[in-house]
Amino acid sequence: MRYAVLAPSLVALLSLAACGAEEPADPSASASASSPEHASKETFNPCDGLDISPVEKALGAQLRVEKGTSAAPRCALLPEESGGTAYELNYLPFKGTLAEAWKTMDVKSGDVSEPEIEGAEDARLVKQQGVNSYAVTGFVQSGTLIQSFNSVDLEPYDGDAMDRAAQALLEQLSANAP
């Protein structure tokens, strides 16, 4: 599968979702698309209003936004050309801080950094070079919202371009946070 996500790059994201977070600050923010409340309140989607042009510029490739449907929401940035970098975005309302959540994560591999992101309380990037692939997982905290993404590309990939695009995506997620 061309965009098979590497298990090690997902450790951080899956750990965050399973870290025992308290109830969301805004229960409607995590309501499923099929809940009765959904008819009156729209569910947050990180793709809504996201400006991907800085990400495309950093990556040197065109992307398309895939938002899914109201019944099956999704936020993905997919390459226009076959063989490019793919991104899957997500979020989690969390009453604690990203630093507190990070302590519960078991990130055993990868290069972890804490980039400065304008408007964000905290951010993390985990970069991992595999045998034939490169993956970047990013987290950015804005208030009680932690947004994240996983990106992966197979050889031939441009790790430097993926790193620049990850920084740009964190900046856009922070700027677009509700």
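Preceding block: the structure.
These remarks concern the structure in this document. Since this is a predicted model, take the numbers as computed values, not measurements. (Residues numbered from 1 in each chain as written. Predicted model: local features only at pLDDT ≥ 70, side-chain atom pairs only at ≥ 80, totals over all residues. Heavy atoms only, no water.)

Some details on unusual backbone geometry
Rule in force here: Secondary structure elements are taken from DSSP: a helix is a run of H or I of four residues or more, a strand is a run of E of two residues or more, and numbering for both begins at the N terminus.
Cis peptide bonds are those with omega within 30 degrees of zero, and the linkage from E155 to P156 qualifies with -5 degrees. Along the chain, P156 falls in the loop between β7 (145–154) and α4 (159–176).

Focus on the sheet that holds strand β2 (residues 73–79)
Going by this rule: At least two bridges found by DSSP between two strands is the condition for calling them paired. A fitted line through C-alpha atoms represents every axis, and for helices the fit uses only the stretch in contact; the resulting angles, taken between N-to-C directions, go from 0 to 180 degrees. The contact criterion used throughout is that any non-hydrogen atoms of two residues lie within 4.5 Å.
Pairing in this open sheet of 7 strands is antiparallel, and the strands run β1-β2-β3-β7-β6-β5-β4 from one edge to the other. One side of each edge strand has no neighbouring strand; the edge strands of this open sheet are β1 (63–68) and β4 (111–113). Strand-to-strand, the axes of this sheet are offset by a mean angle of 15 degrees, without reference to chain direction. As paired elements, β4 and strand β5 (residues 122–129) share 3 bridges and run antiparallel to each other. Counted as the bridge partner of D111 is K127 from β5. Helix-sheet contacts for α4 involve β2, β3 (86–93), β5, β6 (133–142) and β7, and the interaxial angle to β6 is about 20 degrees.

Considering the state of the cysteines
The condition is simple: The term disulfide is used for any two cysteine sulfur atoms that are within 2.5 Å. Three labels apply to residues, based on accessible area from a 1.4 Å probe with only protein chains included: buried if under 20% of the type maximum, exposed if over 50%, partly exposed otherwise in between.
Scanning the model with the defined rule gives 1 disulfide in all. Bridging C47 to C75, the disulfide has an S-S length of 2.0 Å. Here the S-S torsion is close to 90 degrees, and the disulfide linking C47 with C75 is therefore right-handed. Of this pair, C47 sits in the loop between α1 (7–17) and α2 (53–59) while C75 sits in strand β2, and the two are 28 residues apart along the sequence. Each member of the pair C47 and C75 is classed as buried.

So, the nonpolar core
Quick note on the threshold: Nine residue types can take part in a nonpolar core, namely buried Ala, Val, Leu, Ile, Met, Phe, Trp, Tyr and Cys, and a core is a set of them joined through side-chain atoms within 4.5 Å.
Ranked by size, the top nonpolar core spans 26 residues in total, and within it L77, Y87, L89, F149 and L169 carry the most contacts. A total of 7 residues in this core trace back to one element, the largest contributor, which is α4. Not counting chain neighbours up to four residues away, the residues in contact with L169 comprise L50, V55, L77, Y87, L89 and F149. Within the second largest apolar cluster, 8 residues are counted, among which are L98, A101, M105 and V126.

Description of the pattern of salt bridges
This is how the line gets drawn: Here, a salt bridge means any side-chain nitrogen of Lys or Arg that lies within 4 Å of a carboxyl oxygen of Asp or Glu.
A full pass over the atoms with the stated rule returns 6 salt bridges. Between D48 and K67 there is a salt bridge, with its nearest N and O atoms 2.6 Å apart. Of the two residues, D48 sits in the loop between α1 and α2 while K67 sits in strand β1, which places them 19 residues apart along the sequence. Here D48 falls in the partly exposed class, since its relative accessible area comes to 29%. The network of salt bridges with common partners includes E114, D122 and R124.

Regarding the pairing of β7
Here β7 lies mainly inside the structure; 9 of its 10 residues are buried. Where β6 meets β7, 10 bridges bridge the pair, whose relative direction is antiparallel. Bridging from a neighbouring strand, T137 pairs with N150 of β7.

Side note on the packing of aromatic side chains
Counted only if it meets this: Working definition: a ring pair exists when centres of Phe, Tyr or Trp rings (six-membered ring for Trp) sit within 6.5 Å. Plane angles under 30 degrees give stacked, over 60 give edge-to-face, the rest tilted. Distance and angle both matter: a charge sits over a ring if NZ of Lys or CZ of Arg is within 6 Å of the ring centre and within 35 degrees of the ring normal.
Tallied over the full model, the rule gives 4 aromatic pairs. Their ring planes at 80 degrees and their centres at 5.6 Å tell us that W102 and F139 sit as a pair that is edge-to-face. Here W102, found in helix α3 (residues 98–104), pairs with F139, found in strand β6; they are 37 residues apart in sequence, far enough to count as distant. Summarising the burial analysis for this pair, W102 and F139 share the class buried. With a centroid separation of 5.5 Å and an interplanar angle of 20 degrees, the aromatic rings of Y134 and Y157 are classed as stacked. Taken together, the residues Y134 in strand β6 and Y157 in the loop between β7 and α4 connect sequence positions 23 residues apart. Overall, the relative accessible area of 8% leaves Y134 in the buried class. One cation-aromatic arrangement involves R124 over W102; the distance from NZ or CZ to the ring centre is 5.4 Å.

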